[in-house]
Amino acid sequence: MANLVADIGNTLTKIAVFEQDELLFASQYQQPDAHTANNILTNYTINKAIVSSVKGDEEEWLTVLKGKVPVKYFNAEMTTGIRNHYLTPKTLGLDRLAAVVGAAHLYPGKNTLVIDGGTCIKYDFIDADANYSGGSISPGLNMRYKALNNYTAGLPLLKEDITFKPEFGNDTYTAILSGVQNGIKYELTGFIESYHKHEQQLNIVLTGGDSIFFDTLLKNSIFAPYIKIEPYLVLKGLNAAIQKHND
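Scoring rules and cut-offs
- Residues numbered from 1 in each chain as written.
- Predicted model: local features only at pLDDT ≥ 70, side-chain atom pairs only at ≥ 80, totals over all residues.
- Heavy atoms only, no water.
- Helix = DSSP H or I, 4+ residues; strand = E, 2+ residues; numbered from the N terminus.
- Expected span 1.5 Å × (residues − 1).
- Buried < 20%, exposed > 50% of the residue type's maximum accessible area, 1.4 Å probe, protein only.
- Contact = heavy atoms within 4.5 Å.
- Pairing = 2+ DSSP bridges.
- Axes fitted to C-alpha atoms, helices over the stretch in contact; angles between N-to-C directions.
- Salt bridge = Lys/Arg side-chain N within 4 Å of Asp/Glu carboxyl O.

Colleague: Hey, could you run me through helix α3 (residues 94-106) in this one?
Modeller: For an α-helix, the turn length of 3.6 residues means that residues three or four places apart are oriented alike. In this model, α3 (13 residues) spans 18 Å end to end at C-alpha, consistent with the 18 Å of a helix rising 1.5 Å per residue. Taken as a whole, α3 has its buried residues at R96, L97, A98, A99, V100, V101, G102, A103 and A104. Where α3 is buried, its residues meet β6 (83-84), β7 (111-117), β8 (120-126), β9 (131-139) and α7 (233-244).

Colleague: When you look at the sheet that holds strand β5 (residues 71-73) in this model, what are you seeing that I'm missing?
Modeller: Two pairing modes exist for strands in a sheet, parallel and antiparallel, and in both the strands are linked by backbone hydrogen bonds. What the five strands build is an open sheet, ordered β3-β2-β1-β4-β5; its pairing is mixed. Edge positions in the open sheet fall to β3 (22-29) and β5, since each of these has one partner strand only. Averaged over neighbouring strand pairs, the angle between their axes works out to 15° when direction is ignored. Relative to strand β4 (residues 46-53), strand β1 (residues 2-8) runs parallel, the two being bridged by seven bridges. Note that in β4 the partner of A6 across the bridge is V51.

Colleague: When you look at the pattern of salt bridges in this model, what are you seeing that I'm missing?
Modeller: Any two side chains of opposite charge can pair, given that their charged atoms come close. For the structure on display, the rule yields five salt bridges. With its nearest N and O atoms 3.0 Å apart, the salt bridge here joins E230 to K236. For E230, a relative accessible area of 12% corresponds to the buried category. A residue is classified by how much of its surface remains accessible, and K236, at 21% relative accessible area, is partly exposed.

By themselves, these figures tell us nothing about what the structure is for.
If you want it as structure tokens, here you go:
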């Protein structure tokens with residue numbers, strides 16, 4: 001019997017199927033529909049499902065799913081496995097919460113810094129005793145490029161360039177690349193160094209759509225040997241939550 005987990009974001013819905021901790025299927029959709037749900041239910045024997053959603057409206061595929069299996073909605077109370085000390089737990093983003101639940105499940109007994117590179121960059125730390133107190137949020141890679149274009153009269157809209165290596169730019173184009181990409185690199189290393197001062201044994205986990213790019217930025221840093229990439233960390237956290245929250 002398998003679990004279906006879904007992370008419904010503003011632009012994409014990510015759906016995965018797990019049997020215990022084994023990932024059997026994962027995909028992302030701009031707009032899943034009834035066919036999406038029926039196809040998954042046909043291919044896998046789903047026992048129960050858990051959904052994390054930033055949307056308040058009911059979606060067609062969820063209605064189909066609810067007609068076939070029990071569905072739980074992930075919330076701040078479903079933190080079995082961690083101690084959540086966040087001062088305003090109801091305002092804590094469910095993706096951040098699921099990520100630290102996933103980190104605690106995958107790396108028990110380790111001090112872990114989760115860096116989630118998505119629309120925003122989220123830094124969240126959970127200690128070896130599974131205590132979570134919070135973290136930091138900053139603008140993401142694409143948001144920075146868009147902000148330079150939106151809030152100025154003359155700067156063009158650029159995208160990331162994985163081939164860009166210089167420490168500074170020698171024209172407007174490369175100056176923007178340097179400001180955004182080197183800025184993120186220095187931000188990443190700065191946060192990692194700050195946590196490393198307090199926790200010498202630091203496990204670093206990259207997740208989110210820009211995790212591969214961030215790994216490239218950090219590949220020459222002294223922290224490179226301690227970095228792991230977990231593209232499905234949030235989904236794995238949701239799966240851990242539904243396994244541990246059986247009522």
